[in-house]
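Structure assessment
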Amino acid sequence: MSKNRIESSSPGPLGIWGAGRLLAQALSEQESCMRSVYALAGEIVRPPAGAPPEYSVRMGEIPAAFFAARRNIFSTLFYSTYLVLDIPQPRRLLYGKLNHLFRIWVTSADNLLDGEDKCVLPLALPGTSRVMREVVALMAADRVLWHLLGEAVADGTLTAPQSNALADESLRCLLPSAAQEASEEGGVTSRPAPEYVLDTIHVLKTGLLFNIPFTGVDIVELDINRDRLARLKKALLLFGGACQILDDVRDIARDFVERRHNYVLSVLARERPEILESWSRRDIKAGDRLYFDVLPASLAAARLGYQRLTAACAALQDEGVILSGVPVARMAYSMFATLDLEDIAHVSALA
């Protein structure tokens, strides 16, 4: 991808996130990984011979928006760690492809569980099926994984034992998050302490997902600087947890209606239970911006998320992921727009 393409696809918050050659290279190589995954999926997802045309299933068109820089800020951040760790290109490209498969698995599972429609693997199916599209996406991503690992063994990028270990661990590393989601599927009956939400629920729900990009690194890259790897993991874990705090602010209404864990709701259950009681008598919609109804608690949570984002960005800057001299506070603040919380960012005057 050309330099002009990188700049033109970097609207909004990625204007500052895109500062520096390393993140630009990460964005370019990650796009290449995504295109490879889609191309391979296109070869696999096609109807068998003799299938009635009206019941065919194929890959759909890949929208150009799928490759926009702002849409891929997390994937770019993950990929940049491979460059910092000096992982050879063949293996870092493999890890980038696996990262996109993880994204397909997690997003498709969320779509099934939450009734959402965040498409990551476009498929053309008859009718307007939502559930079956996600089921096929999950199965297709698994087939793509095996093709990628087979190719990696064939060209010497991985050994056969490494390939088998990576295939197994690609499932195992997701199981704690899956278990946490399962615990909420029927709705929670009580609100745990806010500290428990931060230190346990958020780590399982989101924090661990920000360490999944190191799955292949942990298995294969035995000669890299383990101390630096540990620092990068810690920084991304902190970054992911901070984003989840902001997600909880945005999703107060949804999590209240669907009875899901939420940091702000746990704070209110402890400090202002009468508010939750009054909400139970209201017709609250999942999409309501309910955080304005409890602004003191919402702002306190937003500031906590902002502080942790700033600390995570500073740690990433220390490791060379973020260009030296870039104001990490502004980078942290930019995440409010990425996470659809621009309205509360202006109110809280965090910048």
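Residues numbered from 1 in each chain as written. Predicted model: local features only at pLDDT ≥ 70, side-chain atom pairs only at ≥ 80, totals over all residues. Heavy atoms only, no water.

Considerations on the overall build of the protein
Counting secondary structure elements, the protein contains 17 helices and two strands. Whereas a compact globule of 351 residues would reach a radius of gyration of roughly 20 Å, the protein reaches 21 Å, a difference of no more than 12%. The dimensions of the protein, computed from C-alpha atoms along their principal axes, are 60 × 55 × 40 Å. The buried share of the protein, reckoned over its 351 residues, is 50%. Taken as a whole, the protein presents about 16,100 Å² of accessible surface, with 54% of it coming from carbon and sulfur. A distance of 2 Å separates the average location of the 37 positive side-chain charges in the protein from that of its 42 negative side-chain charges. (Helix = DSSP H or I, 4+ residues; strand = E, 2+ residues; numbered from the N terminus. Rg over C-alpha atoms; globule rule 2.2 N^0.38 Å. Buried < 20%, exposed > 50% of the residue type's maximum accessible area, 1.4 Å probe, protein only. Areas by Shrake-Rupley, 256 points an atom, 1.4 Å probe, with all protein chains shown as cover. Lys, Arg positive; Asp, Glu negative; His and termini not counted. Charge placed at Lys NZ, Arg CZ, Asp CG, Glu CD.)

Here we look at the layout of surface pockets
Roughly 280 Å³ of volume is contained in the second largest pocket. The wall of the second largest pocket is formed by 17 residues, among which K234, L237, L238, G241 and R308 lie closest to the centre. Put simply, the parts of the chain that give the lining of the second largest pocket at least two residues each are α9 (194–205), α11 (226–250) and α15 (295–318). With six residues, the single largest contributor to the lining of the second largest pocket is α11. (1 Å grid on protein atoms, 1.4 Å probe; cavity = no way out; pocket = protein on both sides within 12 Å on 5 of 7 lines; lining within 4 Å. Points joined across faces, edges and corners; volume = space filled by probe spheres on them.)

Here we look at unusual backbone geometry
Among all residues except glycine, the phi angle is most often negative; among peptide bonds, the trans geometry is most common. Unlike most non-glycine residues, D86 shows phi in positive territory, near 60 degrees. Assignment of secondary structure puts D86 in the loop between α4 (73–84) and α5 (89–114). D86 gets classed as exposed once you look at its relative accessible area, which sits at 65%. Backbone geometry places R259, a non-glycine residue, at a positive phi of 55 degrees. Topologically, R259 is positioned in the loop between α12 (252–257) and α13 (263–271).

Let's talk about the packing of helix α8 (residues 175–184) against α9
Closest axis-to-axis distance for the α8/α9 pair is 7 Å, and the angle between their directions is 115 degrees. The angle between α8 and α9 falls in the class roughly perpendicular. In this structure, α8 contributes P176, S177, Q180, E181 and E184 to the contact, and α9 contributes I201, L204 and K205. The residue inventory of the contact of α8 with α9, partitioned by class, reads three nonpolar, two polar and three charged. (Axes fitted to C-alpha atoms, helices over the stretch in contact; angles between N-to-C directions. Parallel < 35°, antiparallel > 145°, perpendicular 65-115°, else oblique. Contact = heavy atoms within 4.5 Å. Nonpolar A, V, L, I, M, F, W, Y, C, P; charged D, E, K, R; others polar.)

Description of empty space enclosed by the protein
Tallying each qualifying case throughout the model produces five cavities of 30 Å³ or more. If you add up the space inside the second largest cavity, you get close to 70 Å³. Lining the second largest cavity are 14 residues, with L98, F102, L166, T215 and G216 positioned closest to its centre. Top contributing element to the lining of the second largest cavity by residue count: α5, with six residues. Residues of the lining of the second largest cavity, tallied by class, amount to 10 nonpolar, four polar and no charged.

Some points on the confidence of the model for the protein
Of all residues in the protein, 93% have pLDDT values of 70 or greater, and the mean over the chain is 90. Confidence scores differ between elements of the protein, with helix α1 (residues 3–8) showing the lowest mean pLDDT of 28 and α13 the highest of 98. Counted against residues more than four places away or in other chains, residues 1–14, with its pLDDT under 50, gives 23 contacts. (pLDDT = per-residue confidence, 0-100.)

As for the environment of D117
Looking at where D117 falls in the secondary structure, it is placed in the loop between α5 and β2 (123–124). Along the sequence, D117 and T128 sit 11 residues apart, while their C-alpha atoms lie 12 Å from each other. Residues contacting D117, with those up to four places away along its chain left out, are N111, R130 and R133. Only 2.6 Å separates the side chain of D117 from the side chain of R133, close enough to count as a polar contact. (Polar contact = N/O pair within 3.5 Å; in protein donor to acceptor, adjacent residues only side chain to side chain.)

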